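If you want the building blocks of each chain, they are given just below.
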Amino acid sequence: MRLFLYLACFGKVVINMKKITKAVIPAAGLGTRVLPASKAVPKEMLNIVDKPAIQYLVEEAAASGITDILIITNRGKGIIEDHFDYAFELETGLKGKAGKEKYYEAVRSVADLANIYYIRQKETKGLGHAILAAEAFMAGEPFAVLYGDDIIISEDPVTAQLCRAFEKFGKMAVGVNECSREAIKKYCSLDVTPLEGRVMNCHKIIEKPTESEIMSLYAILGRNVLTSEIFDLIRATPVSEKGGEVYLTDALSNLAEHDKLTAVDFTGNRYDMGDKLGIMQANCEVALNHPEIGTDFKDYIIKLAESVK
Ligand code: UTP
């Protein structure tokens, strides 16, 4: 479907923009911060109550209108493919059996969420390098990026929030939230000015800023909407001296400096599944709202909190 954007002041079509239907999930990182849990199980497959983290991402993408998803994997991440495939023996054992039908539905529906494709990043050279592996798949179309370890629970899917900004303003978009000063130093800091509602123009990005370099407390967290212009920018990005990786942020910074980037202050609660505390927080929030165990878990948490006061 094609969307036509009108500029009120000119009253005519200025952009003929294709709706975003493709996404990439980079999931080829080493997961160092959650070792040894991520030694044999990719961190993207660590569970949040009863689903692996990456399923939340695929569900978010599907709820945002994405139909085709490329997952970037590497050696040892084959179980991601198994999870989104049909599971003949398991399904046969559940289908039509009294009391088991809901499990059958839960297992089967995972495989039908979207068309999922895989490509391997042969060397772990950073997020920018991983995104580059998606170039042929995107075939010149705009696309969403959902970082494989950033889970964002939101009634309004965050990918959809970014797609709307892209379709409205015609610029690439990054998902941002305000962070503490300490957290900003581990992420990046953005120079932004208001545009409309929760959307801002982004003019500059500084990766891992020092105290004096902090421009705002907004940092990029886990979601982007990009066009194929990003691939040349990534190719032109030198390997970082600090981490030995190709940072996506460096390419995004170039866009910001040329007035080609918006920042969307998304609504939703974000959890870092590459971090031990993030994993526990995600599990607690999802468990508290879970239809099967929510009430019992809440009672447990209240008792636990009283005992540790
Ligand atoms: P991170 O930097 O958080 O992941 O990348 P990491 O490299 O696994 O982190 P450590 O080892 O704990 O420090 C964000 C996302 O990008 C993916 C990761 O899988 C994660 O989902 N990624 C990162 C890649 O796909 N390839 C890479 O080379 C690096």
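The structure contained in this document is the topic of the report that follows. None of these values were measured; they are calculated from a predicted model.

Quick notes on the site of the ligand
1) Next: Taken together, 18 residues lie around the ligand, and G29, G31, T32, Q121 and G126 are the ones closest in.
2) Next: With respect to the ligand, the backbone of P26 contributes an N or O atom lying 3.0 Å from an oxygen atom.
3) Next: Here an oxygen atom of the ligand and a backbone polar atom of K125 are 3.4 Å apart.
4) Next: For the ligand, whose accessible area on its own is 580 Å², the fraction buried by protein is 84%.
5) Next: A class-by-class count of the residues in the shell around the ligand yields six nonpolar, seven polar and five charged.

Section: the pattern of salt bridges
Side-chain pairing between opposite charges can occur once the charged atoms of the two side chains come close.
1) Next: The full count for this structure, using the stated rule, is 22 salt bridges.
2) Next: The shortest N-O distance in the salt bridge between E141 and K22 comes to 3.6 Å. Here the residue E141 occupies a position in the loop between helix 6 (135–138) and strand 8 (143–146), and K22 occupies one in strand 3 (residues 22–26), the gap between them amounting to 119 residues.
3) Next: Judged by its relative accessible area of 12%, K22 is buried.
4) Next: The shortest N-O distance in the salt bridge between E182 and K185 comes to 3.3 Å. Of the two residues, E182 and K185 both sit in helix 8 (residues 181–186), three residues apart, roughly one turn of that helix.
5) Next: On the basis of relative accessibility, which here comes to 54%, the residue E182 falls in the exposed class.
6) Next: Residue class for K185 comes out partly exposed when judged on its relative accessible area of 25%.
7) Next: Each of the salt bridges in this network shares a partner with another, and the network as a whole consists of R33, K43, D149 and D272.

Analysis parameters
Residues numbered from 1 in each chain as written. Predicted model: local features only at pLDDT ≥ 70, side-chain atom pairs only at ≥ 80, totals over all residues. Heavy atoms only, no water. Near = heavy atom within 4 Å. Polar contact = N/O pair within 3.5 Å; in protein donor to acceptor, adjacent residues only side chain to side chain. Areas by Shrake-Rupley, 256 points an atom, 1.4 Å probe, with all protein chains shown as cover. Nonpolar A, V, L, I, M, F, W, Y, C, P; charged D, E, K, R; others polar. Salt bridge = Lys/Arg side-chain N within 4 Å of Asp/Glu carboxyl O. Helix = DSSP H or I, 4+ residues; strand = E, 2+ residues; numbered from the N terminus. Buried < 20%, exposed > 50% of the residue type's maximum accessible area, 1.4 Å probe, protein only.

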